[in-house]
Amino acid sequence: MADFQTPEIREYPLIPHIKPGAMAHSKPYLAKPDHQASVGFPGELVENWHDVAVAKLGELVSKSRALQVFLDICVKCGACTDKCHYYLGTEDPNNMPVARQDLLRGVYRRHFTFAGKYFPKLVGAIDFTEEVRDQWYSYFHQCSQCRRCSVFCPYGIDTAEISMAGREVLDAIGVGQKYCNEILGKVHKVGNNLGLPGPALIDTLEGLEEDVKEDTGVDVRFPVNQKGAEVLLITPSADFFAEPHIDGLIGYGKVFHQAGISWTVSSYASEAANFSMFIGSHDNLKRTAMRIREAALELGVKRIVVGECGHAWRVAYSFWNTLIGPFDFLDPKYPAPQHICELTYDLLKRGALKIDKEANDHRRITFHDSCNVARASRMGNMPGGQFIIPREILKTVANNFFDMAPETIHENTFCCGGGGGLLTDDLMELRVKGAMPRMQALKQVVDDNDVNTLVAICAICKTQFAKTLPYYKHSMNMITSLHHVVGDAIVLGGKD
Amino acid sequence: MSLSVIYALLFYAATLVLVIGVARKIAIYSKTPQPLKIPTTPAPLTTSGVVWRMAKEVAVFQSLFKSNKWIWLFGWLFHVALALVLMRHLRYVTEPVWFWVNWVQPFGKYAGFAMLAGLGGLWLRRIVVDRVRYISSPSDHLMLLLLMAIAVSGLAMKYVDHTDIVALKGFMLGLMYFDWQPLPGNPLLITHLSLVLLLMFIFPISKLLHAPGLFFSPTRNQTDNPREVRHVAGWSAK
Ligand code: SF4
Ligand code: SF4
């Protein structure tokens, strides 16, 4: 399929020996000047890039307690070295979380600490040379910002924060990544990552209504820009288009329909994803999120519900109140924002949805915890609700559920390999190799329990798995949306 | 200048560097804003929950235990032993000796060996495990060597070549009450004290800052309540 080897799945997981430089060639396409301009960065490498980068780094550290603390306190204990899926899949030591941090920490030390200024060799301080700049570009784009390392570090050092800062410094000197910055430009201009304009969105959803009517005989609505609707649904734009995402959207529609909740999407804010987080850009983060507040006010909704997307849920759950809150204009009876799984779970618990479990009997299901849901947010009213709620939903709507090995689920979950702004074809080798630890755990439940369905609640995970499953000899159709499984079990029509 | 005077002055200087250096760092950590909520979840929903999470991290190294049993074993052994040894050393600077310091005394004696064992284990890993070797700078090796040298010189005074403890205590108390007394010239003691002084000097500019820093780590010390309480700080407050 491509000029690299898909990692071999061994009988038991193994911590590999280091292969220095194994992935040094991996680099995503550079952003073009107009991509850069659309997100407010210089179009190409600035002349005095060294000084600009050092100044930017100092500024970022001075504004973030996380960076300030993380850059000082790593003791190089090595506890994180075998926790990153990219290290396990590529064996490149710079993909060990602490080594990735050190690419930035070394430069920080050189310019901002006593020891690094006067004894650089002793403490591993490095100059920001062209070579180091290339390493930054390469290895900060080999981190999916999944935060697995931060679970296992004795001080909670989060390499995601480091790679976000690294990418922001690179953006500031004109070395941006095409995939993220081009997509962000589209959100700013059109309102979603796909660049799908309003009329096309309305068309697509009308078509979807017809398809569902044909399938089920029921008029399930998929409204756009409906003023006065109770719920504004903010979902990743992939849900409007591609398999297996769209099956999830159909599921949301059926849930709303059966529960009698009026809802709408907005053509102005037709995107849950916010790639600004991946590049660490606060301005873009806020600007992208603000569309959603504006749309909610404009449409006069009472609730905002977020569809299946990992990093979007992190931004919504953890950052929205900070960035675009307070949500005092919404109905205080519901959490703001609310995850679609929280909504469905409540309805199921109340018996508000009629379920035919047998409709899913052909499925033998396992669930992939998406990083940003698992380690950077929550659902429900207790810690860990983000693990319980999706599983409870699945067990309520289907008979055959099997969890993967405990060290690979919940907060220990392995990234799909495509998160953090790496879901681009120019990083295919990295994505396939980074998927290895998840594929290893998956293989076990396939072998032991005949699992044939991998359920996820993240648009990035779904796309990544659809692409990488075949490399590991599984069918790409194995991956589907949680609300696809829900939708298939919902009995439409009157309640008894 | 006599040896006693030099060491007296060095002790004052080292204490100042340690206290001011660490206080300065703590001031920087506390005044740097954390603009967004980034606790590593599942995280406690309340402040008392956070205190409990932190207490477990500090007392039993909970995350490290989950992460790697060998590093946990060596690291925890070293830190607990170090705590005991430090408590035992209080007898050299208190008069009368606090009652509980006497309770620690019998454990403190063996803790020196446990400390050395923990440090040795950590250093062995640093050399033998290729991943840890890769991420180690010279300073990471030297830090372990420094701590081991402190432990060895201390143990040697206990078990090989006794030093005049009464005179040493006189010197230490003299420092504290600005009534300088002579320092015994035992070479082992001088070595031990010199290494400790060095450690005090480099504490605020080294990774030893993990001790105060841990308490400021936002991924561990934030409550998970962003929907309930609007969090703003730094740029996000503007
Ligand atoms: S686990 Fe934490 S302290 Fe240990 S090496 Fe990794 S980042 Fe540093
Ligand atoms: S955040 Fe995830 S991808 Fe990045 S270094 Fe940590 S474990 Fe690896």
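Sequence positions are assigned chain by chain, starting from 1 and proceeding in written order. Here every chain gets a letter starting at A, and every ligand a number starting at 1, in the order they are written. Predicted model: local features are reported for residues with pLDDT of at least 70 only, side-chain atom pairs are reported and counted for 80 or more only, and whole-chain, interface and lining totals are derived from all residues. The side-chain numbers reported here are obtained from all heavy atoms of the structure, hydrogens and water having been left aside.

Undergrad: Give a description of the overall build of chain B that names residues and reports values.
TA: A count of helices and strands for chain B gives 11 helices and zero strands. A run of H or I in DSSP becomes a helix once it reaches four residues, and a run of E becomes a strand once it reaches two; helices and strands are each numbered from the N terminus. Start at the N end of chain B and walk to the C end: the helices and strands fall as α-α-α-α-α-α-α-α-α-α-α. Considered along the principal axes of its C-alpha atoms, chain B spans approximately 65 × 40 × 40 Å. Within the span of chain B, comprising 238 residues, buried residues form 49% of the whole. Intrachain contacts of chain B at a sequence separation of at least 6 include 72% that bridge at least 24 residues. Here the open area of atoms and residues is found with the Shrake-Rupley method and a 1.4 Å probe, where only the protein chains shown may cover a residue. Total accessible area on chain B stands at roughly 11,600 Å², and carbon and sulfur atoms take up 75% of it. Only protein chains enter the calculation, and the probe is 1.4 Å; a residue is then buried if its accessible area is under 20% of its type maximum, exposed if over 50%, and partly exposed in between. Two residues qualify as a contact provided that any one of their heavy atoms is within 4.5 Å of a heavy atom in the partner residue.

Undergrad: Can you lay out unusual backbone geometry for me, pointing to particular residues and giving the numbers?
TA: Residue proline 337 of chain A is bonded to the preceding alanine 336 of chain A through a cis peptide linkage, with omega at -5 degrees. Mapped onto the elements of the fold, proline 337 of chain A is located in the loop between helix 15 (310-324) and strand 4 (338-339). Of the consecutive residues glutamate 95 of chain B and proline 96 of chain B, the connecting peptide bond is found in the cis state with omega at 0 degrees. Relative to the helices and strands, proline 96 of chain B is located in the loop between helix 4 (69-89) and helix 5 (99-128). One non-glycine residue, arginine 147 of chain A, lies in the positive phi region at around 70 degrees. Along the chain, arginine 147 of chain A falls in the loop between helix 8 (130-139) and helix 9 (148-152). Arginine 147 of chain A gets classed as buried once you look at its relative accessible area, which sits at 1%. Positive phi is not limited to glycine here, since lysine 473 of chain A has a value of about 65 degrees. Along the polypeptide, lysine 473 of chain A turns up in the loop between helix 21 (459-468) and strand 7 (479-481). The exposed category is assigned to lysine 473 of chain A, whose relative accessible area is 75%.

Undergrad: Help me get a handle on the domain arrangement of chain A, residues and values and all.
TA: All names here are of chain A. Domain start and stop points were drawn from an automatic or database domain assignment. What the domain assignment reports for chain A is domain 1 (33-176) and domain 2 (184-402 + 451-489). Between the C-alpha centres of domain 1 and domain 2 there is a distance of 32 Å. Taken together, the contact between domain 1 and domain 2 spans 13 residues of the former and 15 residues of the latter. The largest contributions to the domain 1 side of the interface with domain 2 come from Val39, Arg147 and Met164, which together make up 37% of the buried area. Salt-bridge detection follows one rule: a side-chain nitrogen of Lys or Arg within 4 Å of a carboxyl oxygen of Asp or Glu. One can count zero salt bridges joining domain 1 with domain 2. Each polar contact in these results corresponds to two N or O atoms within 3.5 Å; when the atoms are within protein, one needs to be able to donate a hydrogen and the other to accept it, and residues that are neighboring in sequence are counted only if both atoms are side-chain atoms. Between domain 1 and domain 2 we count five residue pairs in polar contact (both at pLDDT 80 or more) in total. Broken down by secondary-structure element, the contributors of at least two residues to the side of domain 1 that touches domain 2 are helix 9 and helix 10 (159-172). Among the elements that line the side of domain 1 that touches domain 2, the one with the most residues is helix 10, at five residues. As a working rule, the residues Ala, Val, Leu, Ile, Met, Phe, Trp, Tyr, Cys and Pro are called nonpolar, Asp, Glu, Lys and Arg charged, and the rest polar, with Gly in that last group. Taken together, the residues of the side of domain 1 that touches domain 2 break down into five nonpolar, two polar and six charged. Summed over both partners, the accessible area (1.4 Å probe) lost when two parts come together is defined as the buried area.

Undergrad: Help me get a handle on the confidence of the model for chain B, residues and values and all.
TA: Looking at chain B, the pLDDT average stands at 96 and 100% of residues meet or exceed 70. The ipTM value of the predicted complex is 0.96, and its pTM value is 0.96. Every residue gets a pLDDT, meaning the predictor's confidence in that residue, from 0 to 100.

Undergrad: An account of the site of ligand 2 is requested, with residue identities and associated values reported.
TA: Residue and element names in this part refer to chain A. It suffices for a single heavy atom of a residue to lie within 4 Å of a molecule or strand for the residue to be listed as near it. Taken together, 13 residues surround ligand 2, and among them Cys84, Cys143, Cys146, Arg147 and Cys149 come closest. If you list the elements that add at least two residues to the shell around ligand 2, you get helix 4 (85-90), helix 5 (97-112) and helix 9. Of the residues belonging to the shell around ligand 2, the class tally is six nonpolar, four polar and three charged.

Undergrad: Kindly report on the interface of chain B and chain A, identifying the contributing residues and their values.
TA: Counting from both sides, the interface comprises 57 residues of chain B and, opposite them, 80 residues of chain A. Surface buried jointly by chain B and chain A totals about 5,400 Å² across both partners, of which 57% is contributed by carbon and sulfur atoms. At the boundary of chain B with chain A, the tally comes to five salt bridges. For glutamate 411 of chain A, the salt bridge goes to lysine 66 of chain B, with nearest N and O atoms at 3.7 Å. Seen at the junction of chain B and chain A, the total is 42 residue pairs in polar contact (both at pLDDT 80 or more).

Undergrad: Talk me through the site of ligand 1; I want residue IDs and the actual numbers.
TA: Residues in contact with ligand 1 amount to 13 residues; listed here are only the nearest, Cys74, Cys77, Gly78, Cys80 and Cys153 of chain A. Across the shell around ligand 1, the residue classes tally to 10 nonpolar, two polar and one charged.

Undergrad: Explain the environment of lysine 286 of chain A to me, and be specific about the residues and the numbers.
TA: Note on placement: lysine 286 of chain A falls in helix 14 (residues 282-299). Accessibility expressed as a relative area gives 28% for lysine 286 of chain A, which makes it partly exposed. Separated by 29 residues in sequence, lysine 286 of chain A and valine 315 of chain A have C-alpha atoms that sit 10.0 Å apart. The residues contacting lysine 286 of chain A, other than those within four sequence positions of it, are Leu323 and Ile324 of chain A together with Lys238 of chain B.

Undergrad: Help me get a handle on the packing of aromatic side chains, residues and values and all.
TA: Between 30 and 60 degrees the pair is tilted, below 30 it is stacked and above 60 it is edge-to-face, where a pair is any two Phe, Tyr or Trp rings, Trp via its six-membered ring, whose centres lie within 6.5 Å. Scanning the entire structure with this criterion turns up 22 aromatic pairs over all chains. Look at tryptophan 136 of chain A and phenylalanine 140 of chain A: their rings are 5.4 Å apart centre to centre, the planes differ by 70 degrees, and that puts the pair in the edge-to-face class. Overall, tryptophan 136 of chain A belongs to the buried group, its relative accessible area being 1%. Accessibility expressed as a relative area gives 0% for phenylalanine 140 of chain A, which makes it buried. Aromatic side chains phenylalanine 113 of chain B and tyrosine 159 of chain B sit 5.4 Å apart centroid to centroid with 50 degrees between the ring planes, which places their arrangement in the tilted category. With phenylalanine 113 of chain B in helix 5 and tyrosine 159 of chain B in helix 7 (residues 138-159), this residue pair connects regions lying 46 residues apart in the sequence. By relative accessible area, which is 42% here, tyrosine 159 of chain B ends up partly exposed.

Undergrad: Account for empty space enclosed by the protein, with residues named and values stated.
TA: Cavities and pockets were defined on a 1 Å grid built over protein atoms only: a cavity is a set of grid points that admits a 1.4 Å probe from which the probe cannot escape, a pocket is an open set flanked by protein on both sides within 12 Å along at least five of seven lines, and lining residues are those with an atom within 4 Å of any such point. Grid points are joined across faces, edges and corners, and a volume is the space filled by probe spheres set on the points. According to the stated counting rule, one finds four cavities of 30 Å³ or more in the structure shown. Counted as a void, the largest cavity has a volume near 290 Å³. Together, 21 residues line the largest cavity, and Glu161, Met164, Gly280 and His282 of chain A together with Leu36 of chain B are the ones closest to its centre. Going through the elements one at a time, helix 10, helix 14 and helix 15 of chain A are the ones with two or more residues in the lining of the largest cavity.

Undergrad: Provide a residue-level description of the packing of helix 7 of chain B against helix 9 (residues 187-202) of chain B, including the pertinent values.
TA: Residue and element names in this part refer to chain B. The interhelical angle for the contact between helix 7 and helix 9, taken along N-to-C directions, is 150 degrees, at an axis separation of 9 Å. Regarding the angle of helix 7 to helix 9, the classification is roughly antiparallel. Handedness of the crossing formed by helix 7 with helix 9: left-handed. Along the contact surface, helix 7 presents Met143, Leu146, Leu147, Ala149, Ile150, Ser153, Gly154, Ala156 and Met157, while helix 9 presents Leu188, Leu189, His192, Leu195, Val196, Leu198, Leu199 and Ile202. Residues belonging to the contact of helix 7 with helix 9 are distributed by class as follows: 14 nonpolar, three polar and no charged. A fitted line through C-alpha atoms represents every axis, and for helices the fit uses only the stretch in contact; the resulting angles, taken between N-to-C directions, go from 0 to 180 degrees. Note that the term roughly parallel is reserved for angles under 35 degrees, roughly antiparallel for angles over 145, roughly perpendicular for angles of 65 to 115, and oblique for everything else. Crossings are classed by handedness, with left-handed meaning an anticlockwise turn of the near helix from the far one by less than a right angle and right-handed meaning a clockwise turn.

Undergrad: Tell me about the pattern of salt bridges, and please be specific about residues and values.
TA: Evaluation of the coordinates by the stated rule reveals 30 salt bridges over all chains. Between arginine 363 of chain A and aspartate 488 of chain A there is a salt bridge whose closest N-O contact spans 3.0 Å. Of this pair, arginine 363 of chain A sits in the loop between helix 16 (340-349) and strand 5 (365-367) while aspartate 488 of chain A sits in helix 22 (residues 482-489), and the two are 125 residues apart along the sequence. Note that aspartate 140 of chain B is salt-bridged to lysine 207 of chain B, the shortest N-O span being 3.0 Å. Taken together, the residues aspartate 140 of chain B in helix 7 and lysine 207 of chain B in the loop between helix 9 and helix 10 (210-213) connect sequence positions 67 residues apart. Aspartate 140 of chain B gets classed as buried once you look at its relative accessible area, which sits at 3%. Among the ionic contacts, a cluster of salt bridges with common partners joins Lys56, Glu59 and Lys63 of chain A.

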